[in-house]
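# Overview (structure and organization)
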Amino acid sequence: LLEVGCGNGLLSAAGFRDAAPLVALDAIDMDARAVLCTAQNVRRNARCSGPELADRVCLTAAPFQPARLTRQYDLILCNPPYIPVPTSHTATGVPSRLATHGTELIRELVCSAPALLRPGGSLVVVTSRLAESELIAAAGDANLEVVQETSRRVPFDIEDLDPDHLQWLIESRGLEFDNQAFHEIAIYRMRTRS
């Protein structure tokens with residue numbers, strides 16, 4: 001398993017809680033605190049410990065760099081930043097914006113997935129449908145089949161959005177807004193086309 005943007009590590013930790021534990025886990029996040037949190041959650045949920053666990057887990061505090069990964073995976077998980085940003089805005093500066101704004105990681109991850117997946121492996125991305133066009137375009141470029149497994153309408157936090165960005169999301173991406181903003185979070189599974 002590879003988890004890109006592991007955050008609190010709950011997805012990674014779930015693999016060690018199952019009856020058939022993972023053979024190996026690589027987890028990456030730009031935030032060193034997130035990687036520490038992942039380590040703690042994996043340790044708490046693992047059915048093994050000590051050297052056995054250490055031999056099976058590699059946690060990295062760094063940006064996603066597919067060229068540095070040396071193996072292929074059965075499953076890659078990611079809940080990337082997913083708020084599209086118009087070209088007139090930037091997604092830098094405020095830490096919360098770095099975690100939510102921009103769709104660059106979606107493209108980079110999806111396009112690198114064919115080289116990172118074992119035959120029969122899959123990439124699972126949890127993202128807003130606001131970024132669906134970016135995901136679908138990247139999957140097409142990477143020759144990946146995309147299946148939306150489920151979605152759920154949820155409130156959309158607009159605190160980090162300036163009014164122009166909010167208006168752009170409403171007009172060009174279909175963000176619902178009527179005293180409260182809503183969007184759909186979806187789970188997409190991608191596999192190499194046969």
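One can find the structure itself at the top, above this paragraph.
A brief structural summary. Note that the structure is a prediction, hence the values are computed from the model and not measured.

## Concerning the overall build of the chain
Helix and strand content of the chain: seven helices and eight strands. The 194 residues of the chain split such that 40% are buried. Sequence separation of 24 or more characterises 77% of the internal contacts of the chain that already satisfy a separation of 6 or more. Of the accessible surface of the chain, which amounts to about 10,600 Å², a share of 51% is contributed by carbon and sulfur atoms.

## What about the environment of Gln 167?
Here Gln 167 shows up in helix α7 (residues 163–173). Sequence spacing of Gln 167 and Phe 177 is ten residues, and the spatial spacing of their C-alpha atoms is 9.6 Å.

## A few points about the packing of helix α5 (residues 104–116) against helix α6 (residues 132–141)
Their axes nearest at 8 Å, the elements α5 and α6 cross at an angle of 25°. As summarised for this structure, α5 and α6 are arranged roughly parallel, according to the angle between their axes. Note that α5 runs across α6; the crossing there is right-handed. Touching Ile 106, Arg 107, Val 110 and Cys 111 of α5 are Leu 135, Ala 137, Ala 138, Ala 139 and Asp 141, all from α6.

## Digging into the pairing of strand β4 (residues 73–78)
Inspection of the sheet shows strand β1 (residues 2–4) paired to β4 by three bridges, in the parallel sense. Bridge pairing in β4 links Glu 3 to Leu 77.

## Some words on α5
In this model, α5 (13 residues) spans 18 Å end to end at C-alpha, consistent with the 18 Å of a helix rising 1.5 Å per residue. All buried positions along α5 are accounted for by Leu 105, Ile 106, Leu 109, Val 110, Ser 112, Ala 113 and Leu 116. Those residues of α5 hidden inside the fold are in contact with β1, β4, β5 (117–128), α6, β6 (144–155) and β8 (181–192).

## Description of the packing of aromatic side chains
For the structure shown, the criterion picks out zero aromatic pairs. Between Arg 153 and the ring centre of Phe 182, over which it is positioned, the NZ or CZ distance is 3.9 Å.

## Re the side chain of Thr 127
Looking at the element boundaries, Thr 127 is found in strand β5. With residues up to four places along the chain from it excluded, the contact list for Thr 127 reads Tyr 82, Ile 106, Leu 135, Glu 184, Ile 185, Ala 186 and Tyr 188.

## Details of the nonpolar core
Ile 76, Leu 123 and Met 190 are the most contacted members of the largest nonpolar core, which has 35 residues in total. Elements with a minimum of two residues in this core: β1, β4, α5, β5, α6, α7 and β8. With six residues, α5 is the single largest residue contributor to this core. Setting aside residues up to four positions removed in sequence, Leu 123 forms contacts with Ile 76, Leu 109, Val 110, Ala 113, Leu 117, Tyr 188, Arg 189 and Met 190. Cys 6, Leu 25, Ala 27 and Val 42 belong to the second largest nonpolar core, which has eleven residues in total.

## Quick notes on the environment of Leu 169
Note on placement: Leu 169 falls in helix α7. Spatially, the C-alpha atom of Leu 169 lies 7.9 Å from that of Leu 130, the residues being 39 residues apart in sequence. Contact partners of Leu 169, with chain neighbours within four places excluded, come to Ile 83, Pro 84, Phe 156, Leu 161, Gly 174 and Leu 175.

## Let's talk about the pattern of salt bridges
Tallied over the full model, the rule gives nine salt bridges. In this structure, Asp 141 engages Arg 107 in a salt bridge whose closest nitrogen and oxygen atoms are separated by 2.3 Å. Here Arg 107 lies in helix α5 and Asp 141 lies in helix α6, a separation of 34 residues in the sequence. Using a relative accessible area of 55% as the deciding quantity, one classes Asp 141 as exposed.

## A few points about the side chain of Asn 41
With respect to the helices and strands, Asn 41 occurs in helix α2 (residues 32–45). The buried category is assigned to Asn 41, whose relative accessible area is 11%. Look past the residues within four positions of Asn 41 in its chain and what remains in contact with it is Asn 8, Gly 9, Leu 10 and Ala 13.

Conventions adopted
- Residues numbered from 1 in each chain as written.
- Predicted model: local features only at pLDDT ≥ 70, side-chain atom pairs only at ≥ 80, totals over all residues.
- Heavy atoms only, no water.
- Helix = DSSP H or I, 4+ residues; strand = E, 2+ residues; numbered from the N terminus.
- Buried < 20%, exposed > 50% of the residue type's maximum accessible area, 1.4 Å probe, protein only.
- Contact = heavy atoms within 4.5 Å.
- Areas by Shrake-Rupley, 256 points an atom, 1.4 Å probe, with all protein chains shown as cover.
- Axes fitted to C-alpha atoms, helices over the stretch in contact; angles between N-to-C directions.
- Parallel < 35°, antiparallel > 145°, perpendicular 65-115°, else oblique.
- Left-handed = near helix turned anticlockwise from the far one by under 90°.
- Pairing = 2+ DSSP bridges.
- Expected span 1.5 Å × (residues − 1).
- Phe/Tyr/Trp six-rings, centres within 6.5 Å; stacked < 30°, edge-to-face > 60°.
- Lys NZ or Arg CZ within 6 Å of the ring centre and 35° of its normal.
- Core = buried A, V, L, I, M, F, W, Y, C linked by side-chain atoms within 4.5 Å.
- Salt bridge = Lys/Arg side-chain N within 4 Å of Asp/Glu carboxyl O.

Geometric values such as these leave the question of function open.
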